[in-house]
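Structural description and commentary
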Amino acid sequence: MQQLKRFQVLRSLGFVFWLSLPLIGLVFWLGSGFVGDRILSYSRVTKKYLLADTQSARQMMKRVVAIEVKTIPQQGISRVNVKTSNSVLKTIVFEFPITDMSQLQATLSQELGLPRDRVKELIVEVGQ
């Protein structure tokens, strides 16, 4: 009878609830540790590669308005600012280890996806 009264007193204090909380926490902690170890030790060999949307980049490049070239022969580099009419991408900056204008035109033509004669039309040389 006295044990029953003690159990009722413990139950009224919420002892059963407070006693079960650490047990539930321990179960979640061990379970999440097990699941985490399984996920992290899983080796995933994938042959999928991220492909950039080169077509939209090429379309942006076709909106080229001007190409400013500044050659620095002492350092052996050329700095190129490509101005576009795209609202998102206003200016693209390149730096090439080329000082020869014909090589630079060929490289820019390849990089921008524009014909070489179009690149030649758009190039403006800027003084040092």
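As a reminder, the structure under discussion sits directly above these lines.
Report on the accompanying structure. The model shown is predicted, which means the values in this text are computed figures rather than measured ones.

**Remarks on the overall build of the protein**
Along the backbone of the protein there are five helices and four strands. For the protein, the sequential pattern of α-helices and β-strands runs α-α-α-β-β-β-α-α-β. Residues counted as buried form 22% of the 128 residues belonging to the protein. Counting only contacts in the protein whose residues sit at least 6 apart along the sequence, the fraction spanning at least 24 positions is 37%. Element-wise, carbon and sulfur atoms account for 59% of the exposed surface of the protein, whose accessible area totals about 10500 Å².

**Digging into the sheet that holds strand β1 (residues 64-72)**
The mixed open sheet is built from four strands, whose spatial order is β3-β2-β1-β4. Of all strands in the sheet, those with a lone pairing partner are β3 (91-96) and β4 (123-125), marking the two edges. Between one strand axis and the next, the sheet turns through 20° on average, direction left out of account. As paired strands, strand β2 (residues 77-84) and β3 are joined by six bridges and run antiparallel to one another. Across the sheet, residue K83 finds its bridge partner in β3, namely T91. In the packing of helix α4 (residues 101-112) onto the sheet, contacts are made with β1, β2, β3 and β4, and the angle to β3 comes to roughly 135°.

**A short note on the pattern of salt bridges**
Overall, the coordinates contain three salt bridges when judged by the stated rule. Note that R79 and E95 form a salt bridge whose closest N and O atoms lie 3.0 Å from each other. With a gap of 16 residues between them, R79 in strand β2 and E95 in strand β3 connect regions that are remote in the sequence. Given the relative accessible area of 36%, R79 is considered partly exposed. Here E121 ties to R118 by a salt bridge, and the two come within 3.5 Å at their closest N and O atoms. One end of the pair, E121, and the other, R118, are both in helix α5 (residues 116-122), three residues apart, so they sit about a helical turn from each other. Classification of R118 as partly exposed rests on a relative accessible area of 32%.

**Describing α4**
Under the 1.5 Å per step criterion, the end-to-end length of α4 is 16 Å for twelve residues, consistent within 8% with the ideal 16 Å. When α4 is considered as a whole, its buried residues turn out to be M101, L104, Q105, L108, S109 and L112. Each buried residue of α4 sits inside an arc of 135° when the element is viewed along its axis, so together they form one side. Residue G113 follows α4 closely and has a positive phi angle near 75°.

**Regarding the packing of aromatic side chains**
Within the structure shown, the criterion is met by one aromatic pair. Note on F94 and F96: the rings are 5.6 Å apart at their centroids and 20° apart in plane angle, and the pair reads as stacked. Across the pair, F96 and F94 agree in class, each one buried.

Quick notes on the rules
Residues numbered from 1 in each chain as written. Predicted model: local features only at pLDDT ≥ 70, side-chain atom pairs only at ≥ 80, totals over all residues. Heavy atoms only, no water. Helix = DSSP H or I, 4+ residues; strand = E, 2+ residues; numbered from the N terminus. Buried < 20%, exposed > 50% of the residue type's maximum accessible area, 1.4 Å probe, protein only. Contact = heavy atoms within 4.5 Å. Areas by Shrake-Rupley, 256 points an atom, 1.4 Å probe, with all protein chains shown as cover. Pairing = 2+ DSSP bridges. Axes fitted to C-alpha atoms, helices over the stretch in contact; angles between N-to-C directions. Salt bridge = Lys/Arg side-chain N within 4 Å of Asp/Glu carboxyl O. Expected span 1.5 Å × (residues − 1). Arc of directions from axis to C-beta. Phe/Tyr/Trp six-rings, centres within 6.5 Å; stacked < 30°, edge-to-face > 60°.

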